Amino acid sequence: MWAGLGASAAPQGLRSSEGNSGPGLQPSVPLRSRAAISAAAARWAPPCRNHPWRCSGDNMPTAKQLADIGYKTFSTSMILLTVYGGYLCSARVYQFFQRRSSERQASEEQKTSGVL
């Protein structure tokens, strides 16, 4: 690909590898070993005590975690039921006052039409 253009035409960071395995471009930086990559990843990985859900090994939740999940789920459902009950109650109250207002208006119309 870069052979006819000379070495200066190849992008920086790439060099010819014709001596190793045939024509082609290889990175000029040697590849890291798996151990070096693992060591670098271990330095950047957060410790397990700060992020227990990312740790490998036992993924079973503890009894305390299950109890916390159950409590939060139950509390959330009770809050939602309370909000929904408030909505239903306010809708009924609104309907009651609308009906009462329309009944008053009808009785006023009936009184005025009876007078004439």
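*Asks:* It is not clear to me how the pattern of salt bridges should be interpreted in this structure. Could you clarify?
*Replies:* Pairing is possible between side chains of opposite charge, provided their charged atoms come close. Per the counting criterion, the structure on display carries one salt bridge. With its nearest N and O atoms 3.1 Å apart, the salt bridge here joins Lys64 to Asp68. Here Lys64 pairs with Asp68, and both are found in helix 3 (residues 63-115), just four residues apart, close to one helical turn.

*Asks:* What is the right way to look at the packing of aromatic side chains in this model?
*Replies:* Ring pairs (aromatic) are described by centroid distance and by the angle formed between their planes. In the structure shown here, the tally under the stated rule is two aromatic pairs. Plain terms: the ring middles of Phe96 and Phe97 are 5.3 Å apart, the flat faces sit at 70° to each other, and that makes the pair edge-to-face. Taking the relative accessible area as the measure of exposure, Phe96 reaches 43% and is therefore partly exposed. With relative accessibility at 44%, the residue Phe97 sits in the partly exposed group.

*Asks:* What am I meant to see in a nonpolar patch on the surface here?
*Replies:* On the surface, a nonpolar cluster with roughly 310 Å² of combined accessible area is contributed by Phe74, Met78 and Leu81. Tracing the chain through its elements places Met78 in helix 3.

*Asks:* How should I be thinking about the environment of Thr112 in this particular structure?
*Replies:* Here Thr112 lies in helix 3. Within the local environment of Thr112, its side chain forms a polar contact with the backbone oxygen of Glu109, the two atoms lying 3.0 Å apart.

Definitions and limits used
- Residues numbered from 1 in each chain as written.
- Predicted model: local features only at pLDDT ≥ 70, side-chain atom pairs only at ≥ 80, totals over all residues.
- Heavy atoms only, no water.
- Salt bridge = Lys/Arg side-chain N within 4 Å of Asp/Glu carboxyl O.
- Helix = DSSP H or I, 4+ residues; strand = E, 2+ residues; numbered from the N terminus.
- Phe/Tyr/Trp six-rings, centres within 6.5 Å; stacked < 30°, edge-to-face > 60°.
- Buried < 20%, exposed > 50% of the residue type's maximum accessible area, 1.4 Å probe, protein only.
- Patch = residues over 30% accessible without salt bridge, like charges linked within 9 Å, V, L, I, M, F, W, Y side chains within 5 Å.
- Areas by Shrake-Rupley, 256 points an atom, 1.4 Å probe, with all protein chains shown as cover.
- Polar contact = N/O pair within 3.5 Å; in protein donor to acceptor, adjacent residues only side chain to side chain.

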